[in-house]
Amino acid sequence: MNLNTHIVGVGGYLPERILSNEELSTMVDTSDAWIRERTGITQRHILAEDQQTSDLATAAAQQALDDAGISVHDIDALVVATTTPDMIFPSTASIVQYKLGGKDFPAWDIQAVCSGFVYGLAQVDGMMRSGMFKRVLLIGAESMSRIVDWTDRNTCVLFGDGAGAMVLEAKEEQGGMIGSVLHCDGSYRHLLMAEHKYEGNAPGKKVDFRVDAAGVAAVEMKGNEVFRVAVTKLSEVVGEVLEKYEMSKVDVDWLIPHQANIRILKATAKKMQMDEEQMAVTVDKHANTSSASVPLALNHLYRQGKFESGQVLLLEAFAGGFAWGANLIRWSK
Ligand code: UT7
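Residues numbered from 1 in each chain as written. Predicted model: local features only at pLDDT ≥ 70, side-chain atom pairs only at ≥ 80, totals over all residues. Heavy atoms only, no water.

**Q** Before we move on, could you go through the overall build of the protein and cite the residues and values that matter?
**A** Helix and strand counts for the protein come out as 11 helices and 13 strands. The C-alpha atoms of the protein give a radius of gyration of 19 Å, which matches the 20 Å a tight globule of 333 residues would have. Projected onto the principal axes, the alpha-carbon positions of the protein cover approximately 60 × 45 × 40 Å. In the protein, which comprises 333 residues, the proportion classed as buried is 54%. Long-range pairs, those at least 24 residues apart, make up 76% of the contacts in the protein with a sequence separation of at least 6. (Helix = DSSP H or I, 4+ residues; strand = E, 2+ residues; numbered from the N terminus. Rg over C-alpha atoms; globule rule 2.2 N^0.38 Å. Buried < 20%, exposed > 50% of the residue type's maximum accessible area, 1.4 Å probe, protein only. Contact = heavy atoms within 4.5 Å.)

Structure below.
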């Protein structure tokens with residue numbers, strides 16, 4: 001039996017609060033003009049104090065389930081790609097399973113920062129083709145506002161919160177996932193990171209764990225060095241995924257890139273010789289939502305009814321690690 005992984009439901013969620021460039025300019029030494037020109041961002045969504053990543057994930061997942069016309073009881077695995085889990089453990093996926101009202105199916109998180117959804121799609125696709133699961137809920141969800149330093153203009157202007165989700169179903173019909181390529185090069189790990197702060201805690205030490213030893217340091221990034229590598233690697237990976245699956249640039253109908261910077265998006269579209277109208281752009285309104293960015297960008301075009309059955313979508317992302325990759329999909333919904 002030859003199984004293919006089809007997208008049968010799509011959803012997204014953005015928290016209500018919008019933080020504009022103008023408002024940010026009252027908090028740090030920046031300007032709407034600088035942020036727009038260098039990144040394309042005009043605003044970002046910020047989760048409420050009483051919300052957590054699992055809440056954003058649950059809302060996006062419920063929309064994807066509704067879109068597929070099924071309930072959580074029809075799902076047999078749930079995966080959350082996140083960099084900003086509610087807790088160190090349990091996994092955010094197990095919390096989302098509970099919040100959706102599901103039970104008794106495997107749920108786990110994956111961590112590949114902004115490439116988390118692209119990695120997740122590759123992982124889940126392999127498992128579904130092998131017959132392991134029939135229907136999987138894959139979610140990318142982030143509360144980046146919780147891990148940025150709101151006094152650092154180099155990073156705080158870049159990120160936003162949100163979640164995107166897909167219901168995937170293994171079927172014998174042709175179409176759906178064509179395939180993926182993934183990469184990681186840990187020699188670049190220091191250029192984009194957020195450290196855990198566990199120092200001070202060891203056997204025999206009497207530290208107040210909550211106050212002195214635990215915590216997450218804010219995002220640190222050497223922006224222009226990340227930028228240079230991102231443009232090069234993304235341009236390579238889109239060529240690589242097409243070559244691997246014996247396709248060419250003209251076969252691709254829609255480019256769904258990770259939304260970090262409009263200049264990076266445009267460079268990849270140029271490499272693909274694609275019109276900018278064929279590319280999903282949400283960075284202006286969402287900023288960089290890390291692992292949520294690709295599914296939210298896909299959801300943005302999907303809600304406008306842009307995809308036609310048989311069209312080819314190319315998803316790509318670049319992340320801290322550095323970890324990057326791409327997925328090719330033949331739209332079959
Ligand atoms: O999602 C994972 C992947 N992430 C990315 O791909 C991000 C990649 N990097 C970028 O998108 C860009 O490098 C940034 C948007 C982060 C920065 O843009 P840039 O054109 O590379 O600027 P830069 O870092 O070279 O900084 C240029 C100047 C500096 O001032 P000086 O040293 O030239 O006087 C910065 O201090 O811009 C200054 N600057 C700002 N000015 C106003 C940096 N941030 C700001 C700011 N407002 N928010």
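**Q** Help me get a handle on the site of the ligand, residues and values and all.
**A** For the ligand, the set of nearby residues contains 23 residues, the closest of which are T30, R38, R153, N261 and N288. At 2.9 Å, a side-chain N or O of H258 approaches an oxygen atom of the ligand. Elements that contribute at least two residues to the shell around the ligand include exactly α2 (32-39), α6 (153-156), α8 (223-244) and α9 (262-271). With 4 residues, the single largest contributor to the shell around the ligand is α8. (Near = heavy atom within 4 Å. Polar contact = N/O pair within 3.5 Å; in protein donor to acceptor, adjacent residues only side chain to side chain.)

**Q** Give me the lowdown on the packing of aromatic side chains, citing residues and values where you can.
**A** Counting across every chain of the model gives 7 aromatic pairs. Both rings, one in F307 and one in W331, keep their centres 4.7 Å apart while their planes meet at 55°; by these two values the pair is tilted. One end of the pair, F307, is in the loop between α11 (293-303) and β12 (312-319); the other, W331, is in the segment after β13 (323-330), and 24 residues separate them in sequence. The pair formed by F307 and W331 is uniform in burial state, with each residue classed as buried. When the centroid spacing of 5.9 Å and the interplanar angle of 35° are considered together, the rings of F318 and W324 count as tilted. Assessed through its relative accessible area of 7%, F318 is described here as buried. We classify W324 as buried; its relative accessible area is 7%. Of the aromatic side chains, those joined through ring pairs into one cluster are Y188, F318, F322 and W324. (Phe/Tyr/Trp six-rings, centres within 6.5 Å; stacked < 30°, edge-to-face > 60°.)

**Q** Quick one: what's the story with the sheet that holds strand β4 (residues 77-81), residue by residue and with numbers?
**A** Pairing is mixed in the open sheet, where 5 strands are placed in the order β1-β7-β6-β4-β5. On the outer flanks of this sheet lie β1 (4-13) and β5 (107-110), each paired with one strand and no other. Each strand axis lies, on average, 20° off the axis of its neighbour in the sheet, ignoring direction. Bridge analysis of β1 against strand β7 (residues 161-171) gives 9 bridges, and the strand direction is antiparallel. Bridge assignment links T5 to a residue of β7, and that residue is A170. Most of the contacts of helix α3 (residues 53-68) go to β1, to which it runs at about 125°, and overall it touches β1, β6 (135-143) and β7. (Pairing = 2+ DSSP bridges. Axes fitted to C-alpha atoms, helices over the stretch in contact; angles between N-to-C directions.)

**Q** Describe the pairing of strand β11 (residues 254-257), with residues and values.
**A** Residues W254 and I256 point to one face of β11 and L255 and P257 to the other, with burial holding for every one of them. As defined by bridge partners, β11 adjoins β12 across 4 bridges and the pair is classed as parallel. In the strand pairing of β12, I256 is matched with L315.

**Q** Give me α9: which residues, what numbers.
**A** Every buried residue of α9 is listed here: I262, I264, L265, T268 and A269. The arc that holds every buried residue of α9, seen down its axis, measures 160°, which confines them to one face. Residues of α9 that are buried in the fold lie against α2, α8, β11, α10 (283-286) and β12. Its side-chain oxygen 2.8 Å from the backbone nitrogen of R263, N261 forms the N-cap of α9. Q273, located one to two residues past α9, shows a positive phi value of around 55°. (Arc of directions from axis to C-beta.)

Keep in mind these values describe shape, not function.
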